[in-house]
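Understanding the architecture of this molecule
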Amino acid sequence: MGKTLIETVLGAVVLVVGAFFVYFAYTSTGVSAVKGYEVSARFRSVAGLNTGNDVKMAGIKVGTVIATRIDPATFDAVVTLALDPKLKLPVDTTARVSSDGLLGGNFVAIDPGGDDKTIPNGGSITETQSPIDIVQLLNKIIDRAVENSTAAPAK
């Protein structure tokens, strides 16, 4: 009888500690239901951008990417963002896909414009910039360097 009581108490302690870790992970990572107003943005490419990535303004997180899809008519990538409801973005706001350095993840950077009209809930950001493909850029630099080094010297 004493052995089963100890096993039961020990099992309960393990469950309580496990629940504490789940709660701690949930609160410290900022993973929660995304609230705010939604806007969409169209990009030619969103390479490396995923659902759950941050939306930042002036380096501060102001929202989350909640969906990505392809528009079958234009083949553009359509990204849906959930933004802080306190922010009311001007209609001339721009969005670009950026990265946190060479090894960091991608995020959407928002640059607010100066217009008096604001983007409504469900509206869209029309001025966008796709991410720079570092591999393609490096390939172009290498090709130019090889091309210049193999060219015959001028006389």
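Okay, so let's go over this structure. (Residues numbered from 1 in each chain as written. Predicted model: local features only at pLDDT ≥ 70, side-chain atom pairs only at ≥ 80, totals over all residues. Heavy atoms only, no water.)

1. Focus: the overall build of the protein
- Helix and strand counts for the protein come out as 2 helices and 8 strands.
- Written out in order from the N terminus, the α and β elements of the protein read α-β-β-β-β-β-β-β-β-α.
- When the 155 residues of the protein are sorted by exposure, 25% land in the buried category.
- In the form shown here, the protein has an accessible surface area of approximately 11000 Å², with 62% of it arising from carbon and sulfur atoms. (Helix = DSSP H or I, 4+ residues; strand = E, 2+ residues; numbered from the N terminus. Buried < 20%, exposed > 50% of the residue type's maximum accessible area, 1.4 Å probe, protein only. Areas by Shrake-Rupley, 256 points an atom, 1.4 Å probe, with all protein chains shown as cover.)

2. Considering the pattern of salt bridges
- For the structure on display, the rule yields 5 salt bridges.
- Close ionic contact of Asp54 with Lys61 constitutes a salt bridge, the shortest N to O distance being 3.4 Å.
- Relative accessible area serves as the criterion here: at 25%, Asp54 is assigned to the partly exposed category. (Salt bridge = Lys/Arg side-chain N within 4 Å of Asp/Glu carboxyl O.)

3. With respect to the pairing of strand β3 (residues 60–70)
- In the sheet, strand β2 (residues 54–57) pairs with β3 via 4 bridges, with the strands oriented antiparallel. Among the inter-strand pairings, Lys56 is bridged to a residue of β3, identified as Lys61.
- Bridge count for β3 against strand β4 (residues 77–83) is 7 bridges, and the pairing is antiparallel. Each bridged residue has a counterpart across the sheet, and for Arg69 the counterpart in β4 is Val78. (Pairing = 2+ DSSP bridges.)

4. Some points on the side chain of Asp76
- Along the polypeptide, Asp76 turns up in the loop between β3 and β4.
- The exposure class of Asp76 is buried, given its relative accessible area of 13%.
- Side chain to side chain, Asp76 and Arg44 meet in a polar contact 2.3 Å long.
- Every residue in contact with Asp76, bar those within four places of it in the chain, is listed here: Arg42, Phe43, Arg44, Arg69, Ile70 and Asp71. (Polar contact = N/O pair within 3.5 Å; in protein donor to acceptor, adjacent residues only side chain to side chain. Contact = heavy atoms within 4.5 Å.)

5. Here we look at the side chain of Asn53
- With respect to the helices and strands, Asn53 occurs in the loop between β1 (37–43) and β2.
- Separated by 2.4 Å, the side chain of Asn53 and the backbone nitrogen of Asn50 make a polar contact.

6. With respect to the packing of aromatic side chains
- With the rule as written, the count across this model stands at 1 aromatic pair.
- Seen from the ring of Tyr37, Lys88 lies directly overhead, with NZ or CZ sitting 4.6 Å from the centre. (Phe/Tyr/Trp six-rings, centres within 6.5 Å; stacked < 30°, edge-to-face > 60°. Lys NZ or Arg CZ within 6 Å of the ring centre and 35° of its normal.)

7. Some words on the pairing of β2
- The loop that links β2 with its antiparallel partner β3 comprises 2 residues; one of these, Ala58, has a positive phi angle of about 55°.
- As paired strands, β2 and strand β6 (residues 106–111) are joined by 2 bridges and run parallel to one another. Residue pairing for β6: Lys56 is matched across the bridge by Ala109.

8. Some words on unusual backbone geometry
- The backbone of Ala58 sits at a positive phi, close to 55°, despite the residue not being glycine.
- Within the element layout of this structure, Ala58 appears in the loop between β2 and β3.
- Positive phi is not limited to glycine here, since Phe75 has a value of about 65°.
- In this fold, Phe75 is placed in the loop between β3 and β4.

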